[in-house]
Structures are given as structure tokens and as C-alpha cells.
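# Report on the structure
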Amino acid sequence: MTIHLTGTLRGTDAIEAWIVDGRITKERPHATPLAESVSGYVYPGLLDVHTHPGLSRTPEPLAIEEIRRRLEILGSVGVTAVRDAGSQQDANDARVEGLPRVLHCGRHIAQYKRYERYLATETKPADLPAEALRQLAVSGGWIKIVGDWIDREVGDLTPLWPRDALVDAVAAVHEAGGKVTVHTFARETIDDLLDAGVDGIEHGTGMSRDHLLEAANRGILITPTVHQVRRFPEFAEAASKFPVYQERMLGMDAQRREHLALMVETGTHFLMGSDTAEEVGEVNLTDELIDAVADGMPADIVMAAASFAGRERLGMPSWQDGAPADVVVYSEDPEANIGTVRTPAAVFIDGMRVNEHRK
């Protein structure tokens, strides 16, 4: 089956392309009949780098059907690849042709009782390098460490790890050929992460201008998770016993737009991630992109980070000849009207059309 793609192709100089046998080609095919012609604003399929299709909030693993449900919904809104940023179960176990590709990060790594219940593998600081390597062995090349979380004895966010433990863990992962991304809200955590040489930072709400400039200089990939950061007042309200923590979360929320503008100004290497799991039918990457633009992030930067630029930063193919035909097409330009991302005109994964609208 051959599909002809024309129109405005983002992230490439090509004027048109074809899908042949599930692959992208820039050369006009002659041997196969044309099944369909699709025109519009064409992007490499969207990439959600912070979602959790394999995450369970109970001790029991997810049913394969539930993982597929999540992946099917993501595919229907244009997400053709995900980085599963910490889950008990590798969603690749459920993937079949036509579902988004999955880069599994293993399980969250945290200290005992310093993260959400059931989600993390828990370890001591001295054992962090060994646990990081264990998670790398079952991952797709990235692992996820929890850098800070509320310490209920202190009543505020505090770092989970001594600097030396982070340095040793990141070095061990790098030596084994892997990469490390880290959850962090708190400013106190960032210097140690930069010293350790992490590859990615999730959220990064505590980063100062100097932190962001250093991260940009080093090529560290930052996922701002705007939709999740908008929930900081909700997190504060739920923590009425911890007024210092409440004040910090509300303060970061008050600076949300200013901080996002600072990320843009300092040349941050953005990735886009929704920080979602079971709720993807109600909230997913489309909401993240819309919220990021609403909070002042330029739409062209948002769409690049969510598609061709984000894919390049993670080493994923997009428009190369022979690349998997993972494509999203919009009837309107999402860089002029970001709301267009909610209703793609066509989504292809493995060259298969998958965009049954669910939202």
C-alpha cells in the first residue's frame, strides 16, 4: 500500500513523501498502486517522553489489555512514540504493530518511603549505582531516578541522595552505555545533578538561570511538564500538615510562567512530556502542548520538541528514507492554532492509519 503525503512538512526540507510498506521514502514509487493521498501540516509522529503506560498504582501488574488501551489512546491523538519514564512493567510486552513505540526507563529508583507507594524500587544510597545498573539492564537505554520528594519528617522537599551516590550511579550508567533522567522539583537538588552529569531533568522547577544556562551548555534535556506543574496548588492543598512545603509549591506555581520563559530564553533543549498514566483518555500530550503555549512557550518550539527536534534529541528517526512511517497530519497549522493538536486529520504508525478520535 502506498500513501502520498503532501503539504507543509515540518522539520524537513522535503516537499513531499510517500509511505510504502510501512516506511517513509522521498522517492516517488512506481511499482505499487496509490491507496491514499493525505495533505496538510505534516509532522513526524509526536513523542511523549514522560508518560507511564506500564505504571500500576497497586502491587499487582497491569493487564496487557490496560497497557494497550493506554497506548491506543496515545496513538489516536498523534503520539507515535513514548519514553515510559518509570513503570513497574515494560509496555513493550503489550505493544503490537500500529501502537506507539516504547522506550522503557525501568522502574523509578528512590529511597525507602521517599516516593509514591508501590511505584519505585527502593534502595540505600550506597546501593544506588548497583540498582541503577539493574534498571538499565531491563530498560531501553534510559533510567529514571527520583531526585527529591517531600520528607515528612522535615515537612518540605529535600534531596534523596548524597552527591557522591548520584555521581557514582550516573558514572556507572554512562560506562554501561546508558542515560539517566531525574525527577526534581527542588532547587537544592540541581547542583548535585549537574555535578553528576545527568542526561535529563524532569520538571526542573527549581532551576535558576545559571542552572539552565549550564544545562543548555551541556546538552541536558529538560522536560518541563507544564500540565503537571499547573497542579502544584492541588499538591499544596493536599499537604495541609506541611506549611513549609505548601509555601514552596505555591511559590513555584506563582513563578510558573516566568520560569518557563526563562527556560526558553536560556536555550533549553526541550522535550515534551505529559506525566500521565491511566488518565490518558482525559489528559495526555495534547493538553501538555496546549498548556505550554498558554503559559507562554512559543508554539514552534513546542511542536519541534514534541516531534522532529525531540526525536532527534533521543536518537529516534523521523524523515530519513526507510524510517518507520510514524506520521501525524493536521488540517490547520498547530503553530498558528495549537488547539489543532486535539484533532489530527491523520495518524500513521508503522504505515497504518490509527487515528480513531477518542478525545
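Residues numbered from 1 in each chain as written. Predicted model: local features only at pLDDT ≥ 70, side-chain atom pairs only at ≥ 80, totals over all residues. Heavy atoms only, no water.

This brings us to the overall build of the protein. Helix and strand counts for the protein come out as 12 helices and 19 strands. Dimensions of the protein, computed from the C-alpha atoms along their principal axes, are close to 65 × 40 × 35 Å. The buried share of the protein, taken over its 359 residues, is 59%. In the form shown here, the protein has an accessible surface area of approximately 14500 Å², with 48% of it arising from carbon and sulfur atoms. Taken together, the 36 basic and 56 acidic charged side chains of the protein have centroids lying 2 Å from each other. (Helix = DSSP H or I, 4+ residues; strand = E, 2+ residues; numbered from the N terminus. Buried < 20%, exposed > 50% of the residue type's maximum accessible area, 1.4 Å probe, protein only. Areas by Shrake-Rupley, 256 points an atom, 1.4 Å probe, with all protein chains shown as cover. Lys, Arg positive; Asp, Glu negative; His and termini not counted. Charge placed at Lys NZ, Arg CZ, Asp CG, Glu CD.)

This next bit is on the nonpolar core. Nonpolar side chains in soluble globular proteins tend to be buried together. Grouped together as the largest cluster of nonpolar side chains are 83 residues, with contacts concentrated most on Leu46, Ile145, Met249, Met272 and Leu289. Examining the composition of this core, we find that five residues originate from one element, helix 3 (residues 163-175), more than from any other. Setting aside chain neighbours within four positions, we find leucine 289 in contact with Leu46, Met272, Val302, Met303, Ala306, Ile338 and Val341. Of all hydrophobic cores here, the second largest spans 14 residues; its members include Ile24, Val42, Trp319 and Phe348. (Core = buried A, V, L, I, M, F, W, Y, C linked by side-chain atoms within 4.5 Å. Contact = heavy atoms within 4.5 Å.)

The subject of this paragraph is unusual backbone geometry. Positive phi, close to 80°, is recorded for tyrosine 118, a residue that is not glycine. Take tyrosine 118: it is sitting in the loop between strand 8 (108-110) and strand 9 (120-122). Tyrosine 118 sits in the partly exposed class, given a relative accessible area of 30%. Although it is not a glycine, threonine 225 adopts a positive phi angle of roughly 40°.

This part is about helix 11 (residues 299-306). Of all eight residues making up helix 11, six are buried, and the element is well covered by its neighbours. Considering only its buried residues, helix 11 is in contact with strand 4 (34-44), strand 5 (46-51), strand 16 (269-270), helix 10 (285-294), helix 12 (308-313) and strand 17 (327-330).

Bringing the packing of aromatic side chains into the picture now. Under the definition given, this model contains four aromatic pairs. Their ring planes at 70° and their centres at 5.9 Å tell us that tyrosine 43 and tyrosine 330 sit as a pair that is edge-to-face. Pair noted here: tyrosine 43 is in strand 4 and tyrosine 330 is in strand 17, with a separation of 287 residues, a long-range link. An identical accessibility class is assigned to tyrosine 43 and tyrosine 330; each is buried. The interplanar angle of 45° and the centroid separation of 5.9 Å between the aromatic rings of phenylalanine 232 and phenylalanine 235 together place this pair among those described as tilted. Of this pair, phenylalanine 232 and phenylalanine 235 both sit in helix 7 (residues 232-237), three residues apart, which is roughly one turn of the helix. Each member of the pair, phenylalanine 232 as well as phenylalanine 235, carries the same accessibility label: buried. Taken together, the ring pairs connect Phe185, Phe232 and Phe235 into an aromatic cluster. The ring of tryptophan 142 carries arginine 83 above its face, with NZ or CZ at 4.8 Å from the centroid. (Phe/Tyr/Trp six-rings, centres within 6.5 Å; stacked < 30°, edge-to-face > 60°. Lys NZ or Arg CZ within 6 Å of the ring centre and 35° of its normal.)

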